[in-house]
Structure formats: C-alpha cells, structure tokens
Amino acid sequence: MDLLALTDFNLVARHGGFGRAERATGRPKATLSRRVAELERSLDLRLFERGARTLKLTEEGRALFERTGSLLTEIDETAAAIASGGARPKGSLRISAPLFFAQTAMGKLAAGFALEHPDVRLEVTTEDRAVDMVEEGYDLVIRVNPEVDESLIGRIFMHDRLVVVASPQLVRTSPDVAVAAVIRGRTDRNLVWNIVAPGGPTRMPINPVLSLSSLVMVRDAVLAGVGAGRLPVSLVGQDLRDGTLVHWGDIDAPPVALWALYPSRRLLSARVSAFLDYLRRAFPTGAPEELSAFMAR
C-alpha cells in the first residue's frame, strides 16, 4: 500500500473534501484526487461517495480512516521526535485538561512528567470548554469526544464507558417507578436513562434528587446512598470490585474517548512529543481499568 496515498486519503477524510484539505495543508487538489483514486484502484474499493457538491466516506472508507488515522499520527510524531535530534525537552508546556481528568489523574501525571523532565516548565489548567489553542497559547489539550476541528491533530489515549451504579442499599422496586438519581449539572435534562442491562435494553425513569457540578462529587453522593448515578467505569471500577457500588447497567450511548490534541500546522515540539510519549507509557492499552488503577495508586 502506498503510504503517501494513504496519507492524502486521511487528509481528505479528516477535512471533509479535496478543496478543504488543499486549503488546510497546501497540498494541490489535483494531487490529492489522483492519490486517492490510485489508492481506491489498489484496494479495489470505493472510499468516497462523490456527489455534485458533497463528498462522503463509504463504509469501507470510514473503516480505513478510523484504523489508519492514529497510526499515521504516530508515524508523524515519531518522525518529529527523531528530527529534533533527541534534544532534551525544555521550556514551557501549557496543557488544558477537562475537570474530571484533571481531578482524578492530571496531578499524578504532571508530577511524574516533571520529575522525568526537570527542564520543562509544565502548566496545567482545567477547562471543560473548547479552548482556542493558538489564541490562548496552549501547546496541547486533552478533550472528551471533541468535535472535528481541521486545525487540530491528535490521538485517542484512553477509552471509557458510562455505567449506572448505586449503593447496594438502594433498591429498585419496579421498572416503572422513577429511581432517585444524582446527576451532573443540568446534563441529564431527560427524566429517563436508556441502559443496557443483563436482560437487554431498557428505559430507566429517574427522579433527580441531587445535582452536582463534577463527576467526583456525583460518585461521593452515590456512595452515600442518595441515589443512582451515571458514571464512567474508570471512576467507579474499584468501587465495583470492592462491592461498595453495584452495577445496574451500561448507558446506551457511544463510547467515551479521551483525546490529546495539538495544532496541525505547528511543528511538534520536543516538549509535546515527550508528554505524548509519557501518556502512552502511563496508559499503554487505553482501557478504563488502567485509569482506575492509576487513580488508586
């Protein structure tokens, strides 16, 4: 398989069109089109459905994009690290992280990274909003299921999923009776949670008795027996193993992915490369159990 053609295919898929990919990367539109056509011929597959004004990935194209995007990113990061000449990372590194990850893991990660790279001045801020990396001077951001942004590139370093948990003392009397629930902020506007329980998919009516601003606070309230909660496996994994919480079912929703992102037009610095490598070593498989174990250390 032609690696350059695969790279151009990923550029077009990421930016949503040949023209957008050309404007974002400077690669000529004709070259991108030719390379993608060559890749389709070599695979004997149609990767895009081409309309008069639209370009849409086929099912095969989407599968190829999902499986090769992170690999190409890793190749780029490795090449950038080699090109830096193995220079010792130094200087300022500004990172933005979401509240939950910052509260549960970022302190330990930052401390370990600082000990390993004493010449890097690491600054971490907590933001759940989508910060403007260039305008606000961030080198790297960590985000949960971020929106597509053609100006950013990155990798998934952690997968998670949401589950409904409760104290063993909390009893669900009937499937039709609303369950006392602890919710995060106003995110649970609907009074029903769609869950996948051992018996199959079902709807769980809830009665929000407590609204809190962070997942850590929700977990504490659920442990106290106030109500059931919708929480990530990484946060309650140890509680489930200890029996202090019980699993009522999985939330019927797409999986949660944590991304490390940086500007696509900026040369990857030794500092960012070093932090990405540290994340890989901290969470080698990206399973939620790894984050749960990391928090329990």
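Below or above, wherever it landed, is the structure these notes cover. On a predicted model such as this, the values are computed, not experimentally measured, just so you know.

**Digging into the sheet that holds strand S10 (residues 200–212)**
Strand pairing in a sheet relies on backbone hydrogen bonds, with the paired strands running either antiparallel or parallel. Taken in spatial order, the 6 strands close into a barrel running S7-S11-S8-S10-S9-S12, and their pairing is mixed. Averaged over all pairs of adjacent strands, the angle between strand axes in this sheet comes to 50°, irrespective of strand direction. As judged from the 4 bridges shared by strand S7 (residues 162–166) and strand S11 (residues 228–232), these two strands associate in the antiparallel manner. Residue pairing for S11: Val165 is matched across the bridge by Gly229. Seen against the sheet, helix H8 (residues 233–242) touches S7, S11 and strand S12 (246–251) and runs at an angle of roughly 115° to S11.

**So, H8**
For H8, the set of buried residues is Val233, Ser234, Leu235, Val236, Gly237 and Asp239. Next to the buried residues of H8 lie helix H5 (99–116), strand S6 (152–160), S7, helix H7 (215–223), S11 and helix H10 (288–296). Where H8 ends, the next residue or the one after it, Gly243, has phi of about 85°, a positive value.

**A look at the layout of surface pockets**
Of the voids in this model, the second largest pocket is the one considered here, and its volume is about 540 Å³. If you go around the second largest pocket, you meet 22 residues; those closest to its centre are Val144, Leu162, Arg184, Leu215 and Val256. Among the elements of the structure, H5, strand S5 (140–144), strand S8 (179–184), H7, S11 and strand S13 (256–263) are those that each provide at least two residues to the lining of the second largest pocket. Looking at the lining of the second largest pocket residue by residue, the classes come out as 14 nonpolar, 2 polar and 6 charged.

**Some words on the environment of Ser42**
Inspection of the secondary structure assignment puts Ser42 in helix H3 (residues 29–43). For Ser42, a relative accessible area of 53% puts it in the exposed group. The spacing of Ser42 and Asp2 is 40 residues in sequence and 8.8 Å in space, taken between C-alpha atoms. A distance of 2.8 Å separates the side chain of Ser42 from the backbone oxygen of Leu39, its partner in a polar contact.

**With respect to the packing of aromatic side chains**
As enumerated under the stated definition, the model contains 7 aromatic pairs in all. Consider the rings of Phe9 and Phe48, whose centres lie 5.5 Å apart with planes at 55°: the pair is tilted. Here Phe9, found in helix H1 (residues 3–15), pairs with Phe48, found in strand S1 (residues 48–50); they are 39 residues apart in sequence, far enough to count as distant. With respect to burial, Phe9 and Phe48 carry one shared label: buried. Note on Phe113 and Tyr278: the rings are 5.9 Å apart at their centroids and 80° apart in plane angle, and the pair reads as edge-to-face. Here the residue Phe113 occupies a position in helix H5, and Tyr278 occupies one in helix H9 (residues 270–282), the gap between them amounting to 165 residues. When its relative accessible area of 0% is taken as the criterion, Phe113 is described as buried. Of the aromatic side chains, those joined through ring pairs into one cluster are Phe101, Phe157, Phe283 and Phe294. When the ring centre of Tyr138 is taken as origin, the NZ or CZ atom of Arg94, which lies over that ring, is 4.3 Å away.

What counts as what
- Residues numbered from 1 in each chain as written.
- Predicted model: local features only at pLDDT ≥ 70, side-chain atom pairs only at ≥ 80, totals over all residues.
- Heavy atoms only, no water.
- Pairing = 2+ DSSP bridges.
- Helix = DSSP H or I, 4+ residues; strand = E, 2+ residues; numbered from the N terminus.
- Axes fitted to C-alpha atoms, helices over the stretch in contact; angles between N-to-C directions.
- Contact = heavy atoms within 4.5 Å.
- Buried < 20%, exposed > 50% of the residue type's maximum accessible area, 1.4 Å probe, protein only.
- 1 Å grid on protein atoms, 1.4 Å probe; cavity = no way out; pocket = protein on both sides within 12 Å on 5 of 7 lines; lining within 4 Å.
- Points joined across faces, edges and corners; volume = space filled by probe spheres on them.
- Nonpolar A, V, L, I, M, F, W, Y, C, P; charged D, E, K, R; others polar.
- Polar contact = N/O pair within 3.5 Å; in protein donor to acceptor, adjacent residues only side chain to side chain.
- Phe/Tyr/Trp six-rings, centres within 6.5 Å; stacked < 30°, edge-to-face > 60°.
- Lys NZ or Arg CZ within 6 Å of the ring centre and 35° of its normal.

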